[in-house]
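Structural description and commentary
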Amino acid sequence: TVRISGSWQSGQCKHFYMERQVAMAIPRANEFEAGDGVDLYHACQAPTAVQGAVALVLGVPSAWVQLKQHMVGGAFGGKSS
């Protein structure tokens, strides 16, 4: 019989993400001349925040930023924003 006793403590640690945090924007026809906007492919759990931020940076209405998103899954904390 082997018996091990003692204590162990872990310091603070940050989340580690295996997924990449990326986005790809593709301008639609005539770029912004006709009010067509941009298609944004992303992998985040806060799509409306992304849409608003991209629209603000581009200086266009939020409706011009169309989000394209696959399932993100999990919501285990760190990648929620």
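As a reminder, the structure under discussion sits directly above these lines.
Residues numbered from 1 in each chain as written. Predicted model: local features only at pLDDT ≥ 70, side-chain atom pairs only at ≥ 80, totals over all residues. Heavy atoms only, no water.

Broken down by element type, the protein chain carries one helix and three strands. Shown N-terminal to C-terminal, the secondary structure of the protein chain runs as helices and strands in the order β-β-α-β. When the 81 residues of the protein chain are sorted by exposure, 12% land in the buried category. Of the contacts formed within the protein chain by residues at least 6 apart in sequence, a portion of 51% connects residues at least 24 apart. For the protein chain, the accessible area works out to roughly 6,900 Å², and carbon and sulfur atoms hold 56% of it. (Helix = DSSP H or I, 4+ residues; strand = E, 2+ residues; numbered from the N terminus. Buried < 20%, exposed > 50% of the residue type's maximum accessible area, 1.4 Å probe, protein only. Contact = heavy atoms within 4.5 Å. Areas by Shrake-Rupley, 256 points an atom, 1.4 Å probe, with all protein chains shown as cover.)

Below, the discussion takes up the pattern of salt bridges. Tallying each qualifying case throughout the model produces one salt bridge. Between aspartate 39 and arginine 28 there is a salt bridge, with its nearest N and O atoms 2.8 Å apart. Linking aspartate 39 in strand 2 (residues 38-42) with arginine 28 in the loop between strand 1 (23-27) and strand 2, this pair joins segments that are 11 residues apart in sequence. Residue classification places aspartate 39 among the buried positions, given a relative accessible area of 14%. (Salt bridge = Lys/Arg side-chain N within 4 Å of Asp/Glu carboxyl O.)

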